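# Structure at a glance
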Amino acid sequence: MRKSERSPANLRRRLIPYALLAPGAIWLILFFVVPMYFMGEMSLRSGIPNTPEGFSFSWDFSNYTQALEGRGEQILRTSFYAGTATFLALLIAYPLAYAIALKVNPRWRLPLLFAVIAPFFTTYLIRTIAWETILADASPIVDVLKFLAIVPDNGRVLDTSGAVIAGLTYNFLPFMILPIYASLERIDTSLIEAGKDLYASARQAFFRVTLPLTMPGVVAGSLLTFIPAFGDYINPEFLGGANNTMIGNKIQSTYLEESDYPEAAALSFLMMAAILIVVLLYIRLAGTEAFIGSEEEER
Amino acid sequence: VISKRRFRALVAAGGTLAATVVIAACGGDDDSVGGAGEGERTVAQGGTPSGEVLISNWPGYVDPGSNGTIPQFEQQSGLQVEYTEDVNDNVTFFNKLKPQLDQGSSGGRSLFVVTDWMAKRMYDLGYLQEINHADLPTVFQNILPQFEESTTDPERKFSIPWQGGQTGIFVDTAQAPEITSVAQLFDPKYKGKVTMLTEMRDTVPLILQSEGIAADEATKEDWLAAIDKLRQARDSGQIRRFTGNEYTEDLTAGNIVAAIGWSGDTSLIGKEGVEWRRPTDGCDLFFDQAVIPVGAPNTPAALAFLNFAYTPENAANITDYVQYVTPVAGVQEILQQESPKVASDPKIFPTEEEIAPCSEDPDPPGSPEDVAEVEAAFQEVISG
């Protein structure tokens, strides 16, 4: 028996997982780990932008404190925008996904899902610029909002926090809808029926059966929305005003306008760390099972 | 006309992705010294041009089409020209190219166009080749006297003027016909109805002049004080936002009543009654310069192209299309025949008296460290 374990066929079988992992691993190493190393190294350099000497490596951790100096308000603003957009997206996405997965006639599912994805056929940038027109001061939509007293008469929508949050919510909504839809669609509806047979009200059945079973979708959707929203700089650039910038805008301008590469790299790392902490806390709170799905379910 | 700064934001979008890669590339060499140090400057080689040449310029900065400047040049010179419009923003272009220039390569470009202060910065970093005037007979025969020298390049050692323009204010005359000065943009009456430019060397000199300070004599403290004034106006909501070319869209949509903007952009504004004005309390000139980078292949072809663009007929075709200020003598006379409206446009052909008081996209004073400090303070205001 021992002999057959060492047989080429067996060896091949044991190598298969590595072979399958290889393309992804090589990709990640080349385009994530390696740039990350250089960025980390860059974040510890010191020097003056736009001089022949450039920046030299010197374990200069002050880039990190400098990157945070006076950033408090912007970091809070960024968290608030991304958090609110994620929450709003969840409020919009769940009922929508629920309806598509469980309530509508199955032959409508495909067209409805298609409608969810359709905006992706246009680029993100163009869609955001289109919102500039929709929310312009003289647009009919703003007139309606003023009529409904949602916006004050002398107020505006474009170039405000509201516009940025609306833009973020809109742009990342499909990332929330699709995972929730996927987990709703997998639910064995007999479980819900069983709950009702045991005298659960519709409400109880939802909160004690449906929602817990779809938590993986909710968690995945929230992360897929929150993470890109936190680092976004297109929405504040086009829909926000001078007082609505996010951390992404600052990184962009530190790198491309100020040419201060070390500080830009440090700020990027800090942002990554912040997102990582938020994500870990969130997964901890929601439970790992909710994140990767319980093993029971996998079988 | 597509103005040159129009695609700033679009480029910025691609930028972040590129940034990661570029940071990686920068990290590669520890002692990132310029392509050529002081004292060992190369001079662009002249001679008879042949073969292929790659030229980079701002969008909409040359007469396009099958009968345009480039095909005509190809026909006359027998050269194969690849003309790309990949310069959208001085600093972004600089940061994109820097890793290559550090290695003494221009990415295949023989010639590109950047604004005067950027040309100076590149020269000081050893990224540009010097130009022998003997190789540019047509250029120096036809250049207007006021462009023969410049503050950034007194002897025209490395930069040849391409096109220029003025920074001033656009005013929606239906909404606020009374605005004629930069100082008025700070009037609370126009709160949230005013935008300014993200280009520091355009916005800050105008603020300085509105305070009665000559921009090229301003101290670092003056610059920082002007930037602080901007910060207060941002915090109070006076300034709606800081933009590149997007102010033209804000004016078209009626979101704002006035903006600091570039004289050549009039045609981008689709609203009646919006006009460009030279502010009564100051103005700013910028001039974009053709330069030959280190490592440029086929420099004879680049020089031949400049000579071609400086013949009055060819320059007139360019001006007629791009509607910015030309550095070439005789263009106005030709356009008086062919395009009288352009020839009489004071934005395209300002008189010497009109532009005499204008600043010229000045750098903040002091060492690179001081400049970086002012730059950081400005970016702090416009991006958080």
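Residues numbered from 1 in each chain as written. Chains lettered and ligands numbered in written order. Predicted model: local features only at pLDDT ≥ 70, side-chain atom pairs only at ≥ 80, totals over all residues. Heavy atoms only, no water.

## Focus on the confidence of the model for chain A
Detailed reading of the predicted model is not advised wherever pLDDT is low. Keep this limit in mind: The predictor rates its confidence in each residue with pLDDT, a number between 0 and 100. Pairs of residues are marked as contacts when any of their non-hydrogen atoms sit within 4.5 Å.
Within chain A, residue pLDDT values average 90, and 94% of them lie at 70 or more. For residues 295–299 of chain A, every residue scores under 50 in pLDDT, and the model assigns this stretch 2 contacts once sequence neighbours within four places are set aside.

## A closer look at the nonpolar core
Quick reminder of the rule: Residues belong to one nonpolar core when they are buried, are Ala, Val, Leu, Ile, Met, Phe, Trp, Tyr or Cys, and are joined through side-chain atoms within 4.5 Å. Each residue is placed in one exposure class: buried if its accessible area under a 1.4 Å probe, protein chains only, is under 20% of its type's maximum, exposed if it is over 50%, and partly exposed if it falls in between.
Counting 108 residues, the largest nonpolar core has B:Met122, B:Ile179, B:Leu185, B:Met196, B:Val204 and B:Leu230 as the members making the most contacts within it. Apart from the residues within four sequence positions on either side, B:Leu230 is in contact with B:Phe186, B:Met196, B:Thr203, B:Val204, B:Ile207, B:Ile239, B:Phe242, B:Phe378 and B:Val381.

## A look at the packing of helix α2 (residues 69–77) of chain B against helix α9 (residues 299–309) of chain B
The axes of two packed helices give the description: the angle between them and the distance between them. Residues and elements named next belong to chain B. Put simply, the test is: Here an axis means a line fitted to C-alpha atoms, over the contact stretch when the element is a helix, while the angle between two N-to-C directions is reported on a 0 to 180 degree scale. The numbering of helices and of strands both runs from the N terminus, where a helix is a DSSP run of H or I of at least 4 residues and a strand a run of E of at least 2. By the definition used in this description, the sense in which the near helix is turned from the far one sets the handedness, with an anticlockwise turn below a right angle giving left-handed and a clockwise turn giving right-handed. The residue classification treats Ala, Val, Leu, Ile, Met, Phe, Trp, Tyr, Cys and Pro as nonpolar and Asp, Glu, Lys and Arg as charged. All others, Gly included, are polar.
In the contact formed by α2 and α9, the axes pass within 11 Å of each other and the chain directions differ by 115 degrees. As for how α2 packs across α9, the hand of that crossing is right-handed. Residues Thr69, Ile70, Gln72, Phe73 and Gln76 of α2 lie in contact with α9, whose contacting residues are Ala301, Ala304, Phe305 and Phe308. For the contact of α2 with α9, the residue count by class is 6 nonpolar, 3 polar and no charged.

## As for the environment of A:Glu263
All names here are of chain A. Tracing the backbone through its elements, the reader meets Glu263 in helix α14 (residues 261–286). In sequence terms Glu263 and Pro49 are 214 residues apart; their C-alpha atoms lie 11 Å from each other. Sequence-distant contacts of Glu263, that is, excluding residues within four places in its chain, are made with Asn63, Gln66, Ala67 and Thr254.

## What about the packing of aromatic side chains?
For the record, the criterion: Two aromatic rings, drawn from Phe, Tyr or Trp (for Trp, its six-membered ring), form a pair once their centres lie within 6.5 Å of each other, and the interplanar angle then sorts them: stacked below 30 degrees, edge-to-face above 60, tilted otherwise.
A full pass over the atoms with the stated rule returns 28 aromatic pairs over all chains. Ring plane angle 25 degrees and centroid distance 6.4 Å describe the contact between A:Trp59 and A:Phe61, whose orientation is recorded as stacked. Overall, A:Trp59 belongs to the exposed group, its relative accessible area being 58%. Their ring planes at 75 degrees and their centres at 5.1 Å tell us that B:Phe93 and B:Phe112 sit as a pair that is edge-to-face. With a gap of 19 residues between them, B:Phe93 in helix α3 (residues 90–102) and B:Phe112 in strand β3 (residues 111–115) connect regions that are remote in the sequence.

## Points about the confidence of the model for chain B
Residues and elements named next belong to chain B. Mean pLDDT over chain B works out to 88, with 90% of the residues at or above the 70 mark. In the predicted structure, residues 1–38 sits below a pLDDT of 50 and forms 108 contacts with residues beyond four places in sequence or in another chain. Here the prediction assigns the complex a pTM of 0.82, and the interface score ipTM is 0.81.

## Side note on the pattern of salt bridges
Side chains that differ in charge, positive against negative, can pair when their charged atoms come close. Heads up, the rule is: Salt bridge, as used here, is a side-chain nitrogen of Lys or Arg placed within 4 Å of a carboxyl oxygen of Asp or Glu.
Going through the model one piece at a time under the given rule, you end up with 27 salt bridges over all chains. The shortest N-O distance in the salt bridge between A:Glu73 and A:Arg77 comes to 3.4 Å. One end of the pair is A:Glu73 and the other is A:Arg77, both in helix α4 (residues 72–103) and 4 residues apart, which spans about a single turn. Between B:Asp172 and B:Lys271 there is a salt bridge, and its shortest N-O distance comes to 2.6 Å. Taken together, the positions of B:Asp172 in strand β4 (residues 160–172) and B:Lys271 in the loop between β7 (258–262) and β8 (274–277) put the pair 99 residues apart, joining distant regions of the chain. Given a relative accessible area of 0%, B:Asp172 falls into the buried group. One network of salt bridges, with partners in common, ties together A:Glu132, A:Asp137, A:Asp159, B:Lys193, B:Arg240, B:Arg241 and B:Asp250.

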